[in-house]
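# Examining the three-dimensional arrangement
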There are 2 protein chains.
Amino acid sequence: MSGSTAAEAAAILKEEVDIVIPTIRNVDFLEKWRPFFQPYHLIIVQDGDPSKPIKVPPRFNYHLYNRNDVNRLLGPRAHCISFKDSSCRCFGFLLSKKKYIFTIDDDCFVAKDPSGKEINALEQHLKNLLSPSTPFFFNTLYDPYREGTDFVRGYPFSLREGVPTAASHGLWLNMPDYDGPTQLVKPLERNNRYVDAVMTIPKGTLFPMCGMNLAFNRELIGPAMYFGLMGEGQPIGRYDGMWAGWCMKVISDHLGLGVKTGLPYIWHSKASSPFVNLKKEYKGIYWQEELIPFFQSVSLPKECTTAQKCYIELSKQVKAKLGKVDEYFNKLADAMVTWIEAWEELNSSGEKSEALSNGPAK
Amino acid sequence: MSGSTAAEAAAILKEEVDIVIPTIRNVDFLEKWRPFFQPYHLIIVQDGDPSKPIKVPPRFNYHLYNRNDVNRLLGPRAHCISFKDSSCRCFGFLLSKKKYIFTIDDDCFVAKDPSGKEINALEQHLKNLLSPSTPFFFNTLYDPYREGTDFVRGYPFSLREGVPTAASHGLWLNMPDYDGPTQLVKPLERNNRYVDAVMTIPKGTLFPMCGMNLAFNRELIGPAMYFGLMGEGQPIGRYDGMWAGWCMKVISDHLGLGVKTGLPYIWHSKASSPFVNLKKEYKGIYWQEELIPFFQSVSLPKECTTAQKCYIELSKQVKAKLGKVDEYFNKLADAMVTWIEAWEELNSSGEKSEALSNGPAK
């Protein structure tokens, strides 16, 4: 695909992709993405006050949902979608009927590669998702399916077919994705190093997933992409991507699916306040010391053959083992079950597929 | 160190590093490495016919050993050092008294970074070895200790100290390190992609290690860096680095040490014959299908607190579990024990430290 024009590239799989954007403001940033996003359908999830108008630049194909839609479409299950936190993006995952999701934040712009060329992030994510992953053995030349590279000497041939790719985690130039304490200590640090690699995160290894530049195969792993209870009314924020990433990774490992990180880069413009971040994060900073050992030791029974089944089983283990860390995890475990109920209601049969067409018209 | 001159950089730790070079020819390639290697001591291990003279460019500080030295210094244990195979390099690891080893092949030249600057491979390896590793959790911005980067949001603070680094595996521009079958299929493929990253290979993940551009902390992991029985009289070749890498990685994982891969690049010039390689490799190609599951399931008891003890225990497991794959692995398991005996004899006390001074004078 490397030789294709932007227009050709953007047309790839356009019937199979939804771009999900959580926002609290006018999505003017889309203007910068027009050459790449215009052929695709956007699902914009308005965070916060639903009475505030959100302006979308002309000639985009989109549906815009707000809190009223969450309440209307989910009814008593609406509480599983966070309010005043970008984790509301997962409402878009729920409503989508497409095979692939690309989700991006409204402070993310088009980055350039070292040659000065604008990076089509969505195209790279689709390449990552459409080629296999190699979670069982590390390839020292990184992605063996990339043009001009391969598996190196000593890589078992039986593993060279790889496994299906569940998720593609992209990175950020400019503002690094640091926590509040690191932002406070290194206020001026910027990421300006372009690492020209995509790699599979090995089986059994966890990573810190960020939702601001992320794509996944909704059919394979969608039900595990729940971004948790964050923001208003919750004791924690800014752990939505982490939570989803840890859940998604242990489930991908169990199901024999791959997770990649690396290219594509986006340009991350916003310096969020380290003081505000610290307030949102501080419980997470100590909870994660217990969460990581928990996720490292999660074992799912072999009867769990789908992402849904795995997620329900995981919710039980969260309640059993993390409930004692804080009452919050009991509530979160219940919300995980609610999320799967909502997923199954909206996705298992045709009757609720009017959800999308009931959304506000573009 | 990034701002230092080549001369300053080359002087780093010069009393603590040996450069080990296996060769069958005049080591003229050293002329290209002079700005970087001259301050260091070289251990050149002549492979093959000891009567053939090896010319070393002037003004290098070196010892040259050949098969006669192997026989003289190891006596009845000499059989553990391979003949007519670059795996004889590990004889240099045995004789060294230094803390760090850098080993490089004689067809490896100085590579350039994308700015056109010559890469001081040894300096980068020392940076890698002197900074910690992070085997327990993946950092999406790669090496968190590198200037201008850090741990990203969601990385547990308790893991940010990292662990000591046992080994640094460098990569190759130009000729990729492919096996015979891949060389046959892709005769023209070259690696010209410079990936500006160093990363820790996660705990529990194996990788294909190549000995042609490799550094390690001899005190921490030296006894596990045995390159096996390869070449003349053996049913297999070109698996020396693989064998050492798999053994070294499971032992590093057990001991809580880190293994890195990535920078530095060297320029790999030689296209070895794919037909010859296939002949050397073909048993390895099917054996590795059994070796990888074996190494993935190795478990070492907690009494194994040193690389030596781990290696002896591993030799027992090799004999018990791989002996049935082929008689060769019984012989290899015995050679692993012989190697440790030789290591302990030459390294545990002072009496054999005359080994080096008995070597042919520079």
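Treat the numbers as computed from the prediction; the structure is a model and nothing was measured. (Residues numbered from 1 in each chain as written. Chains lettered and ligands numbered in written order. Predicted model: local features only at pLDDT ≥ 70, side-chain atom pairs only at ≥ 80, totals over all residues. Heavy atoms only, no water.)

## Focus on the side chain of A:D107
Here is the rule: For helices the rule is a DSSP run of H or I covering at least 4 residues; for strands it is a run of E covering at least 2, with both sets numbered from the N terminus onward. Contacts were defined at the residue level, with two residues in contact if any of their heavy atoms lie within 4.5 Å.
Considering the arrangement of structural elements, one finds A:D107 in the loop between β4 (100-104) and β5 (108-110). In this view, A:D107 contacts A:W267, A:H268, A:S269 and A:K270; residues no more than four positions away in its chain are not counted.

## Digging into the interface of chain B and chain A
Many authors give the size of an interface as the accessible area that is lost as the parts come together. The line we're drawing: Defined here as a combined quantity, buried area equals the accessible surface (1.4 Å probe) lost by two parts on assembly, summed across both. Salt bridge, as used here, is a side-chain nitrogen of Lys or Arg placed within 4 Å of a carboxyl oxygen of Asp or Glu. Counting of polar contacts relies on pairs of N or O atoms within 3.5 Å, with two restrictions inside protein: one atom must be capable of donating a hydrogen and the other of accepting it, and residues adjacent in sequence are counted only when both atoms are side-chain atoms.
Taken together, the contact between chain B and chain A spans 58 residues of the former and 58 residues of the latter. For the pair chain B and chain A, the two sides together bury roughly 5000 Å², of which 58% comes from carbon and sulfur. Counting across the chain B and chain A interface gives six salt bridges. With a closest N to O distance of 2.8 Å, A:D177 and B:R153 form a salt bridge. Where chain B touches chain A, the interface holds 28 residue pairs in polar contact (both at pLDDT 80 or more).

## Notes on the UniProt feature "site: Required for activity" (unreviewed entry) in chain A
Heads up, the rule is: UniProt positions are given in the numbering used here, feature names are shortened, and annotations may be inferred rather than shown by experiment.
The positions that UniProt labels "site: Required for activity" (unreviewed entry) are, in the present scheme, A:R153 and A:R160. Residue contacts for A:R153: discarding those within four places in its chain leaves B:D177, B:Y178, B:D179, B:P208, B:C210, B:R238, B:M242 and B:E281. In this fold, A:R160 is placed in the loop between α5 (121-130) and β6 (165-174). When sequence neighbours within four positions are dropped, the list of residues in contact with A:R160 reads A:Y145, A:F151, A:V152, A:Y155, B:D179 and B:T182.

## Observations concerning the relation of the copies chain B and chain A
Cut-off, in case you're wondering: In this comparison the copies share one frame, found by least squares on the C-alpha atoms of residues holding pLDDT of at least 70 in both.
The two copies are related by a screw motion: chain B maps onto chain A through a turn of 180° and a shift of 0.0 Å along the axis, at an RMSD of 0.0 Å. These values place the two chain copies in the arrangement generated by a two-fold rotation axis. For chain B, the smallest separation between a C-alpha atom and the rotation axis is recorded for B:V195, amounting to 2.8 Å. A share of 100% of the interface residues of chain B reappears at the interface of chain A, consistent with the copies meeting face to face through the same patch.

## Some points on the UniProt feature "glycosylation site" (unreviewed entry) in chain A
In the numbering used here, UniProt assigns the "glycosylation site" (unreviewed entry) feature to A:R153. Among the structural elements, A:R153 can be located in the loop between α5 and β6.

## Things to note about the pattern of salt bridges
Where charged atoms from two side chains of opposite charge approach closely, those side chains can pair. Keep this limit in mind: Here's how the labels work: a residue is buried when its accessible area is under 20% of the maximum for its type, exposed when over 50%, partly exposed in between, all with a 1.4 Å probe on protein chains only.
Applying the stated rule across the entire model yields 38 salt bridges over all chains. The residue B:D179 makes a salt bridge to A:R160 at a minimum N-O spacing of 2.9 Å. With B:D179 in the loop between β6 (165-174) and α6 (180-185) and A:R160 in the loop between α5 and β6, this pair bridges two chains. Across the pair, exposure class does not vary: B:D179 and A:R160 are buried alike. With a closest N to O distance of 3.4 Å, A:K186 and A:E189 form a salt bridge. Overlapping salt bridges bring together A:R77, A:E341 and A:E345 as one network.

## Examining the pairing of strand β3 (residues 61-65) of chain A
Residues and elements named next belong to chain A. Going by this rule: By the convention used here, strands pair only if DSSP detects at least 2 bridges between them.
Most of β3 sits inside the fold, with four of its five residues counted as buried. Pairing of strand β2 (residues 41-46) with β3, which is carried by five bridges, proceeds in the parallel orientation. Each residue of the ladder has a partner; that of I44, found in β3, is L64.

## Quick word on empty space enclosed by the protein
The criterion, for reference: Whether a set of points on the 1 Å grid over the protein atoms alone is a cavity depends on a 1.4 Å probe fitting there but being unable to get out, while an open set qualifies as a pocket with protein on both sides within 12 Å along at least five of seven lines; lining residues are those with an atom within 4 Å of a point. Grid points are joined across faces, edges and corners, and a volume is the space filled by probe spheres set on the points.
What the rule picks out here adds up to seven cavities of 30 Å³ or more. Ranked by the residues each element gives to the lining of the largest cavity, the list is headed by strand β7 (residues 198-200) of chain A, at three residues. Counted as a void, the second largest cavity has a volume near 90 Å³. Lining of the second largest cavity is provided by B:T134, B:F137, B:F138, B:N139, B:Y142, B:D143, B:P144, B:V198, B:M199, B:T200, B:P202 and B:K260. Counting residues per element, the lining of the second largest cavity draws most heavily on strand β7 (residues 198-200) of chain B, which supplies three residues.

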